Amino acid sequence: MKRKIPVKEYGMLAVGLMITAFGIAFSIQAGLGISPLSSLPYVVSLSAPMTVGVATISLHIVLILLQILILRRQYDPIQLMQLPVALAFGSLTDFGVWMIQDIQPNSYVGAWILCLIGILLVGIGVACQVVAGVVTLAGEGFVLAVCRVTGLPFGGLKILFDVTLVIAASILSMVFLHHLEGVREGTVAAALLVGMIVKKIQPPLQRWFHEGLSTQENPKR
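Residues numbered from 1 in each chain as written. Predicted model: local features only at pLDDT ≥ 70, side-chain atom pairs only at ≥ 80, totals over all residues. Heavy atoms only, no water.

So, the pattern of salt bridges
Step number 1: By the definition in use, this model includes two salt bridges.
Step number 2: With a closest N to O distance of 3.0 Å, Asp162 and Lys158 form a salt bridge. With a gap of four residues between them, Asp162 and Lys158 both fall in helix H7 (residues 154-177), about one helical turn apart.
Step number 3: On the accessibility criterion, Asp162 (17% relative accessible area) is buried. (Salt bridge = Lys/Arg side-chain N within 4 Å of Asp/Glu carboxyl O. Helix = DSSP H or I, 4+ residues; strand = E, 2+ residues; numbered from the N terminus. Buried < 20%, exposed > 50% of the residue type's maximum accessible area, 1.4 Å probe, protein only.)

Right under this line is the structure:
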């Protein structure tokens, strides 16, 4: 039997990546700090001759290689799909930054409006990726690999992973830029709110998505 290609799931993943990329772009334009996973690539992009999208791809490649090193023979080759997803996500991030580059906040309140739009979009985008359920992104994949080897719970390790990225971004920012960039109050807000948004949006989105799939598979129902 031919294995059915989950076209709808990959379509949902693509939508999620696009929405998340624009969320990151809005956060960058706000200038109040961005989500933990994007904070390090953003600082690298300010410190080196590369875009935030290229820096994001580079980080994801490193995380994929670390997964292979950690899991060795237990590594599932299907997870190499994280690589094309990383390439798409990095490209979409640069596209999003380019698209809204003229949107500039004219006040602190305006900056917060852009920041909250970014957080909302990231939350919606992540929910779409979770509902798609086809490829684990490199960040989550790395945390899951560590969980598998250590037996530690995902939640605690995910928090530790995010905190490590924020600390690394802060150190690089102070060393190369001599001031703090990418890590501010918006980063804290993103860390607190994105998960809450995903929890609110994911259940109805999942019901809608799977009902749509059921209708297509059984059109006479």
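Picking up after the structure, the text goes on.
Points about a nonpolar patch on the surface
Step number 1: Together, Ile61, Leu65, Ile68, Leu80, Leu83 and Leu87 make up a nonpolar patch on the protein surface, roughly 470 Å² of accessible area in all.
Step number 2: Elements with a contribution of two residues or more to the nonpolar patch: helix H3 (52-71) and helix H4 (82-99).
Step number 3: With three residues, H3 is the largest single contributor of residues to the nonpolar patch.
Step number 4: Structurally, the position occupied by Leu65 is in helix H3. (Patch = residues over 30% accessible without salt bridge, like charges linked within 9 Å, V, L, I, M, F, W, Y side chains within 5 Å. Areas by Shrake-Rupley, 256 points an atom, 1.4 Å probe, with all protein chains shown as cover.)

Quick notes on helix H6 (residues 138-150)
Step number 1: Taking 1.5 Å per residue, 13 residues should reach 18 Å; H6 reaches 18 Å between its end C-alpha atoms and fits that length.
Step number 2: Within H6, the full set of buried residues consists of Ala138, Gly139, Gly141, Phe142, Val143, Ala145, Val146 and Cys147.
Step number 3: Against H3, H4 and H7 lie the buried residues of H6.
Step number 4: One or two positions beyond H6, positive phi appears at Gly151, with a value near 80 degrees. (Expected span 1.5 Å × (residues − 1). Contact = heavy atoms within 4.5 Å.)

Describing the environment of Leu71
Step number 1: Looking at the secondary structure, you find Leu71 in helix H3.
Step number 2: Separated by 75 residues in the primary sequence, Leu71 and Val146 place their C-alpha atoms 8.4 Å from one another.

Details of the packing of H3 against H4
Step number 1: Following both chains from N to C, one finds H3 and H4 inclined at 160 degrees, their axes separated by 7 Å at the closest point. Taken as axis vectors, H3 and H4 run roughly antiparallel relative to one another. Judged by the sense of rotation from one axis to the other, the crossing of H3 with H4 is right-handed. Where H3 approaches H4, its residues Val52, Gly53, Val54, Thr56, Ile57, His60, Ile61, Ile64 and Gln67 are matched on the opposing element by Gln82, Leu83, Ala86, Leu87, Phe89, Gly90, Ser91, Thr93, Asp94 and Val97. (Axes fitted to C-alpha atoms, helices over the stretch in contact; angles between N-to-C directions. Parallel < 35°, antiparallel > 145°, perpendicular 65-115°, else oblique. Left-handed = near helix turned anticlockwise from the far one by under 90°.)

Thoughts on the confidence of the model for the protein chain
Step number 1: Mean pLDDT over the protein chain stands at 88; residues scoring 70 or higher make up 93%.
Step number 2: H4 holds the highest mean pLDDT among the elements of the protein chain, 95, whereas helix H8 (residues 185-217) holds the lowest, 82. (pLDDT = per-residue confidence, 0-100.)

Notes on unusual backbone geometry
Step number 1: Backbone geometry at Arg72 places phi at a positive 50 degrees, although glycine is not the residue there.
Step number 2: Mapped onto the fold, Arg72 is located in the loop between H3 and H4.
Step number 3: Residue Arg72 is classed as exposed on the basis of its relative accessible area of 65%.

Notes on the side chain of Thr187
Step number 1: With respect to the helices and strands, Thr187 occurs in helix H8.
Step number 2: In this structure, Thr187 is in contact with Leu32, Gly33, Ile34, Pro36, Val166 and Gly182, ignoring residues within four places of it in sequence.

Topic: the nonpolar core
Among soluble globular proteins, nonpolar side chains are generally buried collectively.
Step number 1: In this structure, Leu17 and Ile119 are the most contacted members of the largest nonpolar core, which totals 36 residues.
Step number 2: If you list the elements that add at least two residues to this core, you get helix H1 (7-30), H4, helix H5 (108-132) and H8.
Step number 3: Here this core takes ten residues from H1, the largest share from any one element.
Step number 4: If we skip the residues at most four places from it in the chain, Leu17 touches Val85, Phe89, Leu92, Gln129 and Leu137.
Step number 5: The next biggest cluster of nonpolar side chains, apart from the first, holds 19 residues, and it includes Leu40, Val143, Cys147 and Val183. (Core = buried A, V, L, I, M, F, W, Y, C linked by side-chain atoms within 4.5 Å.)

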